[in-house]
Amino acid sequence: MTTLTPAQDELCAESPWDFSHLRAVFLSCTLKRSPEVSNTEGLAAISMEIMRRNGVHVDLIRAVDHDIATGVYTDMTEHGWTTDAWPAIYEQVAAADILVLCTPIWLGEKSSQCTKVIERLYGASSELNAAGQYAYYGRVGGCVVTGNEDGVKHCAMNILYSLQHLGFVIPPQADAGWIGEAGPGPSYLDPDSGGPQNDFTNRNTTFMTWNLLHLARMLKDAGGIPAHGNQRSAWDAGCRPDFENPEHR
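Residues numbered from 1 in each chain as written. Predicted model: local features only at pLDDT ≥ 70, side-chain atom pairs only at ≥ 80, totals over all residues. Heavy atoms only, no water.

### What to know about the overall build of the chain
Here is step 1 of the chain: When helices and strands are tallied, the chain shows seven helices and six strands.
Here is step 2 of the chain: Going from the N terminus to the C terminus, the chain shows its helices and strands as α-β-α-β-α-β-β-α-β-α-β-α-α.
Here is step 3 of the chain: Rg of the C-alpha trace for the chain: 19 Å, near the compact-globule value of 18 Å for 249 residues, within the 12% margin.
Here is step 4 of the chain: Referenced to the eigenvectors of the C-alpha coordinate spread, the extents of the chain come out at roughly 60 × 45 × 30 Å.
Here is step 5 of the chain: Here the chain holds 249 residues, and 48% of them are scored as buried.
Here is step 6 of the chain: Restricting to contacts in the chain with at least 6 residues of sequence separation, those with at least 24 account for 76%.
Here is step 7 of the chain: When the accessible area of the chain is evaluated, it comes to approximately 12300 Å², of which 54% is carbon and sulfur surface. (Helix = DSSP H or I, 4+ residues; strand = E, 2+ residues; numbered from the N terminus. Rg over C-alpha atoms; globule rule 2.2 N^0.38 Å. Buried < 20%, exposed > 50% of the residue type's maximum accessible area, 1.4 Å probe, protein only. Contact = heavy atoms within 4.5 Å. Areas by Shrake-Rupley, 256 points an atom, 1.4 Å probe, with all protein chains shown as cover.)

### A look at the pattern of salt bridges
Here is step 1 of the chain: Under the definition given, this model contains seven salt bridges.
Here is step 2 of the chain: Of the charged contacts, one joins Arg53 and Glu49 as a salt bridge, the two residues approaching to 2.8 Å between their closest N and O atoms. Of this pair, Arg53 and Glu49 are both found in helix H2 (residues 39–53), four residues apart, which corresponds to roughly one turn of the helix.
Here is step 3 of the chain: We classify Arg53 as partly exposed; its relative accessible area is 34%. (Salt bridge = Lys/Arg side-chain N within 4 Å of Asp/Glu carboxyl O.)

### Here's the deal with the packing of helix H1 (residues 6–14) against H2
Here is step 1 of the chain: It is the contact of H1 with H2, at a shortest axis distance of 9 Å, that shows an interaxial angle of 25 degrees. The angle between H1 and H2 places the two elements in the roughly parallel class. Two packed elements cross with a definite hand, and for H1 against H2 that hand is right-handed. Of H2, the residues touching H1 (which contributes Gln8, Asp9 and Cys12) are Ile46, Ile50 and Arg53.
Here is step 2 of the chain: Each residue belonging to the contact of H1 with H2 can be placed in one class, and the counts come to three nonpolar, one polar and two charged. (Axes fitted to C-alpha atoms, helices over the stretch in contact; angles between N-to-C directions. Parallel < 35°, antiparallel > 145°, perpendicular 65-115°, else oblique. Left-handed = near helix turned anticlockwise from the far one by under 90°. Nonpolar A, V, L, I, M, F, W, Y, C, P; charged D, E, K, R; others polar.)

### Observations concerning helix H6 (residues 199–222)
Here is step 1 of the chain: Taking 1.5 Å per residue as the helical rise, H6 with its 24 residues ought to reach 34 Å, and the 34 Å between its terminal C-alpha atoms agrees with that figure.
Here is step 2 of the chain: Here H6 starts with a cap whose side-chain oxygen sits 3.1 Å from the backbone nitrogen of Phe200, and that cap is Asn198. (Expected span 1.5 Å × (residues − 1). Polar contact = N/O pair within 3.5 Å; in protein donor to acceptor, adjacent residues only side chain to side chain.)

### Things to note about helix H3 (residues 86–94)
Here is step 1 of the chain: Of all the positions in H3, only Trp86, Ile89, Tyr90 and Val93 are classed as buried. Across the axial projection of H3, the buried residues extend over an arc of 105 degrees, all falling on one side. (Arc of directions from axis to C-beta.)

### Comments concerning the side chain of Arg139
Here is step 1 of the chain: Within the element layout of this structure, Arg139 appears in the loop between helix H4 (112–122) and strand E5 (140–147).
Here is step 2 of the chain: With no salt bridge to any partner, buried Arg139 finds its closest opposite charge in Asp97, at an N-O distance of 6.5 Å.
Here is step 3 of the chain: Dropping the residues within four chain positions of it, Arg139 is found in contact with Val93, Ala94, Ala96, Asp97, Phe168 and Val169. (Lys, Arg positive; Asp, Glu negative; His and termini not counted.)

### Some remarks on a nonpolar patch on the surface
Here is step 1 of the chain: Residues Leu31, Trp106 and Leu107 make up a contiguous nonpolar surface patch of roughly 390 Å² in combined accessible area.
Here is step 2 of the chain: With respect to the helices, strands and loops of the structure, Leu31 is situated in the loop between strand E1 (23–28) and H2.
Here is step 3 of the chain: The exposure class assigned to Leu31 is partly exposed, which follows from its relative accessible area of 41%. (Patch = residues over 30% accessible without salt bridge, like charges linked within 9 Å, V, L, I, M, F, W, Y side chains within 5 Å.)

Listed below in structure tokens is the structure:
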């Protein structure tokens, strides 16, 4: 079990809210295959532990452990690839109320695995939910970033923009991260890194987690985003707004 700080423990113990109807998926975009230790997953473990203590069903998926094809379709075996693990992963994402992308920093950017995951998420962005909205409507998104160099906010900016563009709702303070000194040095889980004890990182991870929980619960209780003025199905039918479908011109 991941150790929480006394403040994180107290917030879990005192919570009057029921989040047991929620599901969360943490997609780890480390470049290390299991069982190598991922520092990014080390930080994400705090957020996952807070959620689990509040009754949330949490899945952790390490993308690099799976044979995920490159492309922007839901199933790349229909587009020339022999195998593709993404459709099974997408089923877990589609069943979740919360998605957290977790990435290390390389050359100031999110990892190549994170880019691939976002591209595959994009592949389902044209699918619709029961209300005729884009498929990711009603879900919330966040991100966790770690590294030994600058770039946490830059990576978060890119990831959170991508998620909201696909239809996820982004709550306040939806990112958390840790970096050591610029240049070579200890990673988050290394002895004497100071990462697990860093108050700024622990505070932001806590705020992110609770904001994801609160917004996911609000959306779940409300039945998602109201379906008016944002239905692709109505737009395609030419009924709302009062414009002809541009694709038919």
